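# Breakdown of the fold
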Amino acid sequence: MIGTIASQQGLLLRRQRVALVGLGTMLAVTAMAGVLGWSSHHTIVRVFDQAVRLQAAAGQPAPPNPFLLKPSLSLLSNMVVYIPLIGALLALVVGHLSMVEDQSKGMGRLLFTRQVTRTQYALGKIVASTRFLAVTLTGCGLVSLVALLVVNRTLSPSDLGRLTGFYVLSWAYLVVFVLVGMLTALLTRRRSLALLSAIGVWLVITFVVPQFTSGLRPTQSLNPLTEPVGTSQAFFRVTQHAQSLSIVEQYKTAAGTILGTSPNSPTTETVLTIVPIVTAGFVLLVLVLWRIQRHDYARSASDE
Amino acid sequence: MNESTNRILQVARHEYRAAVRSRALIVLLAILVVATAVSVLVGATDYAAQLAEYDAYRAAAQAQGLTRIAPSPLAVLSLLRGAFEYLEIIGAIIAITLGYLSVSRERVSRTLPLLRSRPLTGTELATGSFLGALAIFTTLVAATAAVGVVALGTIGHDWINPAQGLRLALACVAALLYLSAFYCLGAIATAKAKMPANGLVIALGIWLLVVLVLPQIGDTLDADNQLPGGLFQALGLNHDGEVAVLTHFTGYERVRTGIEEASLAKHFERFAFAMSDVKERYRPYGLSWLLNETRNDIGWLFAYAAVLFLGLRRTLTRQQPIHNGGNS
């Protein structure tokens, strides 16, 4: 039964223009990250050439080759920014749509006259939404692969493994937001209120919590290279204990380690940064399964 | 007061009252207020410590009879940077939500065509809604500024002077223009979409592009941002070397600047940061110099707000009134 509901939901997602626009946006954004990476490579080459000429004219030795300082997968550093911004919003919308459509069309009432439990129904919806994200991220992975081959010419098996690891991590992170979208749709009857509540949660996770725990200003979240922030104040000495709860920071740290764009840290540390994301996903899954048992499908949700 | 002004004010009052009753808006406003307050309070606490250190240094220098004492490097208004950044990101979402609620409310209750059947022109409806939203934004921005100023004075131990107050007021006016533009965007997208919720998603997509993606691309393309710690530093180039190299990148820099120029958020940010001493290079200059330097950003802010208001007026004017009653 879970498979049937997942198939039906998959069909609905393919028909819904908003979800397809989201898929197209993610692929376009990945291609843009590739173009930005290529531009970065090209800029470094040109700046390096100019610097060599300038130093030679001044009778100084040539500067060190900057590509020795640039990790091979740094092309993807923009994706580490785009996944929590654009990917998470897409995941919210996908989770939201998977729940509200049946509510507003009165399908919920009809469906539960059949032999299907609410747990099966919710799991079917979750499977379909997470599968949609997996397909989207596989597409993004292929676009990234092409971009890496164009810019770096080669790709080692280790880099391929890192690329795969990065997209698996991104999928796990986005699943959290699918569940947020579903939960808010189950908690409120009005579509708009559900969507805005989910966006409120996303805003808090992405922009507000990092400011509290690490002193990161909102616009610093937009730059793949962030300068370390002074957190010597008593306020941050207290709040930085809650840093592990800031799942966007944990995601960025783990992604940087996997891609090799941030200093290498032991595998156990990387695993520890992923734990809060997995825990958040599990807690939300439990909440969705609990909430759907109590949801009143006899009352149609407002279309607005 | 003539009839037309009276009708506009009636619509504006209705808009204000309805917005205050919306739970979604209140939740988003609460997020903005809490985030802004904490950001300013943390900054003010740190500032108080730095100010005390500077005062101790100055007292020691005076006690030793030194006549040339280094001026304070601190800029009290720059502590409001977090507040402006939150207005830039969360404020814009609030404005879109207000625009969405403004239209969807009338669509759900089917009062939009009814309103148009009254002696109320599209221009009056658009102006009234716009003024109501502006009143909401004014309340929000004024409250944020007041909390910021009081926090700086009481916790940071440094009250702003009248000249700084004027610059802060101008930054607040820029915030109103910025939020108004996003209000119009939310209202237009909702009025044009078949389903209001889809209009909201479209407006949020545009917000994502304008507020987050375009400025991010501009930052990412910055030549110095290509390596952690800075590309020029990695190549061992000093400031003169950097300037010499960048003369070969005028075309590239023009493209990069062009991408940033397309973002309304970047114009608001540049103007607000110039007015609030966030950027050190602006600090030595007076108001007239700053206004001249940021005239381009002021122009874009007005242009975006005006064009989107005209778009709203056009959209609402095209709403068909009910002629014969019925459910259609």
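Since the model is a prediction, treat every value here as computed from it, not as a measurement. All residue numbers refer to position in the chain's written sequence, counted from 1. Lettering of chains starts at A and numbering of ligands starts at 1, both following the order in which they are written. Selection of residues for local features in this predicted model requires a pLDDT of at least 70, selection of side-chain atom pairs for listing and counting requires 80 or more, and totals for whole chains, interfaces and linings are taken over all residues.

## Observations concerning the overall build of chain A
Each helix and strand counted, chain A has ten helices and zero strands in total. Starting at the N terminus, the α and β elements of chain A follow one another as α-α-α-α-α-α-α-α-α-α. With the C-alpha coordinates aligned to their principal axes, the bounding extent of chain A is approximately 85 × 45 × 35 Å. Taken across its 304 residues, chain A has 48% of its residues classed as buried. Residue pairs qualify as contacts under a 7 Å threshold applied to their C-beta atoms, which are placed from the backbone. Here the contacts in chain A between residues at least 6 apart in sequence split such that 83% fall between residues at least 24 apart. Secondary structure counts use DSSP, requiring at least four H or I residues in a row for a helix and at least two E residues in a row for a strand, with both numbered from the N terminus. Here a residue counts as buried when 20 or more other C-beta atoms fall within 10 Å of its C-beta, as exposed when 12 or fewer do, and as partly exposed in between; the C-beta atoms come from the backbone.

## Examining helix α2 (residues 17-57) of chain A
Its 41 residues give α2(A) an end-to-end C-alpha distance of 59 Å, which sits within 8% of 60 Å, the value for a rise of 1.5 Å per residue. Of the residues one or two after α2(A), Gly59(A) is the one with positive phi, at around 75°. Each helix should span, by expectation, one fewer than its residue count multiplied by 1.5 Å.

## Comments concerning the environment of His96(A)
Residues and elements named next belong to chain A. Examined against the element boundaries, His96 turns out to sit in helix α3 (residues 79-104). We classify His96 as buried; it has 28 C-beta atoms within 10 Å. Spatially, the C-alpha atom of His96 lies 24 Å from that of Gln115, the residues being 19 residues apart in sequence. Not counting the four nearest positions on each side in its chain, His96 is found in contact with Gly181, Ala185, Ala194, Leu195 and Ala198.

## So, the interface of chain B and chain A
Contacts between the two partners involve 50 residues from chain B, matched on the other side by 46 residues from chain A. If you list the elements that add at least two residues to the side of chain B that touches chain A, you get α2 (23-63), α3 (81-108), α7 (196-221), α8 (231-234) and α9 (239-246) of chain B. Looking at the side of chain B that touches chain A element by element, the count peaks at 13 residues for α7(B). Looking at the side of chain B that touches chain A residue by residue, the class counts come to 32 nonpolar, 13 polar and five charged. Only Asp, Glu, Lys and Arg are considered charged, only Ala, Val, Leu, Ile, Met, Phe, Trp, Tyr, Cys and Pro nonpolar, and every remaining residue, Gly among them, polar.

## Section: the environment of His267(B)
Residue and element names in this part refer to chain B. Examined against the element boundaries, His267 turns out to sit in helix α11 (residues 264-275). Given 25 C-beta atoms within 10 Å, His267 falls into the buried group. Sequence separation between His267 and Ile188 is 79 residues, and the spatial gap between their C-alpha atoms is 22 Å. Here His267 is in contact with Asp297, Trp300 and Leu301, once residues within four sequence places are set aside.

## Re unusual backbone geometry
Residue and element names in this part refer to chain B. Phi is positive for Asp277, which is not a glycine, with a value near 60°. The topology assignment puts Asp277 in the loop between α11 and α12 (287-293). Its 20 C-beta neighbours within 10 Å are what place Asp277 among the buried residues.

## With respect to helix α10 (residues 250-261) of chain B
Since the α-helix packs 3.6 residues into each turn, any two residues three or four apart lie on the same face. Taking 1.5 Å as the rise per residue, α10(B) with twelve residues should run 16 Å; its terminal C-alpha atoms sit 16 Å apart, in good agreement. Counting buried positions along α10(B) gives one out of twelve residues, so the element sits mostly on the surface.

## Some remarks on the packing of α3(B) against α7(B)
All names here are of chain B. Fitting a line to C-alpha atoms yields each axis, with helices limited to the stretch in contact; the angle taken between N-to-C directions then spans 0 to 180 degrees. Between α3 and α7, the shortest axis-to-axis distance is 10 Å and the interhelical angle comes to 160°. Judged by the angle between their axes, α3 and α7 are roughly antiparallel. Crossing angle aside, the handedness with which α3 passes α7 is right-handed. Residue-level contacts link Glu88, Ile89, Ala92, Ile93, Ile96, Tyr100, Val103, Ser104 and Arg107 of α3 to Pro196, Gly199, Leu200, Ala203, Leu204, Trp207 and Val211 of α7. Angular relationships are summarised with four words: roughly parallel below 35 degrees, roughly antiparallel beyond 145, roughly perpendicular across 65 to 115, and oblique for the angles in between. Here is the rule for handedness: rotate from the far helix to the near one, and if that takes an anticlockwise turn smaller than a right angle the crossing is left-handed, while a clockwise turn gives right-handed.

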